Amino acid sequence: MSRPIRVLHVIDSWNLGGAQTVLLNLLRHGDQSAFEYSAFSLHGPGTVEGEAGEIVDRCGHFATSKADPRLVWRFLRAVRDWKPDIVHAHLVASCFLAEVLLPFYPAKTRLVSHMQSIYRPPDHEEQYQNFLERFIYRRSHRIIACSRPTLDSLEKARGRKVKQASVIFNSVPDAIITGRIPEDRIAIRNELGASEDATVVLTACRLSPTKNLLFGVEVMARLQETHPDLQWWIAGEGAEGEALRRAVKDANLRGVQFLGYRNDVPKLLSAADYFLMPSLYEGLSLALAEALAKEAVPVVTPFEGFDQMIEHEKTGVVIPFRDADKAAELWRAILDNEGQRASLAAEGLVIAKERFSASKMAADIEELYRDVIA
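Bear in mind that the values here come from a model prediction, so they are computed numbers and not experimental data.

Undergrad: Before we move on, could you go through unusual backbone geometry and cite the residues and values that matter?
TA: Looking along the chain, the bond that leaves Gly44 and enters Pro45 is cis, with omega of 15 degrees. Take Pro45: it is sitting in the loop between strand S2 (35–43) and helix H2 (49–55). You will see that Lys83, though not glycine, has its phi angle at about 55 degrees, which is positive. Among the structural elements, Lys83 can be located in the loop between helix H3 (70–82) and strand S4 (86–90). Backbone geometry places Leu91, a non-glycine residue, at a positive phi of 80 degrees.

Undergrad: Please give an account of the pattern of salt bridges that cites residues and values.
TA: Throughout the structure, instances matching the rule amount to 19 salt bridges. The salt bridge involving Arg6 is made with Glu36; its shortest N-O contact spans 3.6 Å. Remark: Glu36 occurs in strand S2 and Arg6 occurs in strand S1 (residues 5–11); sequence separation between them is 30 residues. Judged by relative accessible area, which is 22%, Arg6 ranks as partly exposed. The residue Arg70 makes a salt bridge to Asp68 at a minimum N-O spacing of 3.0 Å. Under the relative-accessibility criterion, Arg70 is labelled partly exposed at 47%. Overlapping salt bridges, with partners in common, bring together Arg180, Arg185, Arg189, Glu196 and Asp273 in one network.

Undergrad: Tell me about the packing of helix H8 (residues 213–224) against helix H12 (residues 324–335), and please be specific about residues and values.
TA: Two elements in contact, H8 and H12, have axes whose closest approach is 9 Å; the angle formed by their N-to-C orientations is 55 degrees. It follows from the interaxial angle that H8 and H12 lie oblique. As for how H8 packs across H12, the hand of that crossing is right-handed. Contact residues: Phe215, Glu218, Val219, Met220, Arg222 and Leu223 in H8; Ala324, Asp325, Ala327, Ala328, Trp331, Arg332 and Leu335 in H12.

Undergrad: Which residues make up H12, and what values go with them?
TA: Between its terminal C-alpha atoms H12 stretches 16 Å, which fits the 16 Å expected from 12 residues at 1.5 Å a residue. Every buried residue belonging to H12 is among Ala324, Ala327, Ala328, Trp331, Ile334 and Leu335, and all of these are buried. For H12, the buried positions fall inside an angular range of 115 degrees around the axis, keeping them on one side. Elements that come into contact with the buried residues of H12 comprise strand S8 (200–204), H8, strand S11 (274–277), strand S12 (297–300), strand S13 (317–318) and helix H13 (338–355). Two or three places before Asp325, at the start of H12, stands the capping residue Asp323, its side-chain oxygen 3.2 Å from that residue's backbone nitrogen.

Undergrad: Any details on the sheet that holds S1? Residues and values, ideally.
TA: Two orientations exist for strands paired in a sheet by backbone hydrogen bonds: parallel and antiparallel. Strand order across the open sheet formed by seven strands is S3-S2-S1-S4-S5-S6-S7, with parallel pairing between neighbours. Strands with a single pairing partner mark the edges of an open sheet, and in this sheet they are strand S3 (58–63) and strand S7 (165–167). On average, adjacent strands in this sheet sit at an angle of 20 degrees to one another, irrespective of strand direction. As defined by bridge partners, S1 adjoins S2 across seven bridges and the pair is classed as parallel. Residue pairing for S2: Arg6 is matched across the bridge by Glu36. Most of the contacts of helix H1 (residues 18–29) go to S1, to which it runs at about 160 degrees, and overall it touches S1, S2, S4 and strand S5 (110–115).

Each value, and the rule that gives it
Residues numbered from 1 in each chain as written. Predicted model: local features only at pLDDT ≥ 70, side-chain atom pairs only at ≥ 80, totals over all residues. Heavy atoms only, no water. Helix = DSSP H or I, 4+ residues; strand = E, 2+ residues; numbered from the N terminus. Salt bridge = Lys/Arg side-chain N within 4 Å of Asp/Glu carboxyl O. Buried < 20%, exposed > 50% of the residue type's maximum accessible area, 1.4 Å probe, protein only. Axes fitted to C-alpha atoms, helices over the stretch in contact; angles between N-to-C directions. Parallel < 35°, antiparallel > 145°, perpendicular 65-115°, else oblique. Left-handed = near helix turned anticlockwise from the far one by under 90°. Contact = heavy atoms within 4.5 Å. Expected span 1.5 Å × (residues − 1). Arc of directions from axis to C-beta. Polar contact = N/O pair within 3.5 Å; in protein donor to acceptor, adjacent residues only side chain to side chain. Pairing = 2+ DSSP bridges.

Laid out in structure tokens, this is it:
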């Protein structure tokens with residue numbers, strides 16, 4: 001092909017989330033000499049559209065709301081006018097719409113759908129996604145799953161192997177895979193009132209039931225019985241925020257700070273000693289990858305695929321889903337052994353470099369593009 005390979009990225013919105021972060025990392029670390037990228041959201045503008053626009057020239061949104069009837073036409077017109085070699089769809093709504101419109105694409109345009117989370121249980125909070133997921137990932141030329149359990153869940157739902165699927169891990173920017181940065185640690189601890197010798201636990205996520213943070217409150221309450229000075233910083237916003245605040249108050253937890261939305265999570269991780277993520281399930285957690293990259297020791301539940309990110313007793317602590325007493329017992333053994341904590345942190349940084357760098361992800365996805373076109 002004489003010109004660069006054209007790839008049109010389509011995502012549900014530009015509001016910051018895991019999939020948006022993955023897309024930004026791909027745009028930043030892509031091979032600009034061999035690929036020409038454009039990126040649009042179904043509706044916008046969203047919090048990171050400007051950031052995407054600084055990376056690629058063709059960037060924007062098709063409509064200002066989900067209900068705009070012009071959205072579908074503008075999506076299809078962008079494909080037909082620009083004639084991309086690849087349409088790469090991210091998140092459920094975009095993947096659904098991209099497949100519906102596939103018969104109307106130019107003849108040589110291929111569709112890649114990016115699967116970012118496991119098939120959800122029937123009672124999942126986002127019911128419209130449950131409905132759409134029954135129909136998608138069937139006509140795509142290639143499917144990218146962000147983890148092996150994510151792909152397994154699709155194959156289980158289909159009752160057969162999905163031959164056109166590949167597993168490519170989500171990533172974090174190469175620039176943050178540095179380990180702990182002392183200057184960031186000092187600055188953040190000064191900002192949030194933590195001394196250098198304080199033990200700090202960080203949680204950074206959307207505050208929703210799937211993140212299981214009410215169980216995290218139970219675990220922290222047990223730990224503070226023997227470690228009363230343990231601090232817990234919670235960064236993020238979401239529907240369960242008020243319930244979580246009430247639970248913290250009822251448990252009489254000390255040293256808990258609700259930080260709200262933060263755009264400096266890597267710095268927070270440099271200031272933390274542990275990263276608590278008691279999720280019920282995950283696709284592939286970028287926040288956990290960032291924790292490894294900043295040497296904050298992960299403390300996680302055994303959600304599907306956790307072992308693709310951390311190795312128990314080598315790079316992190318795995319706690320049971322429901323047993324707060326046992327979880328506190330397992331974690332307490334590390335709290336009292338700084339040498340072991342440092343060893344876990346160092347091994348985690350090695351894993352981050354090997355598996356979760358954005359340059360590796362971009363190279364793997366661009367090789368997939370070439371294969372799809374061939």
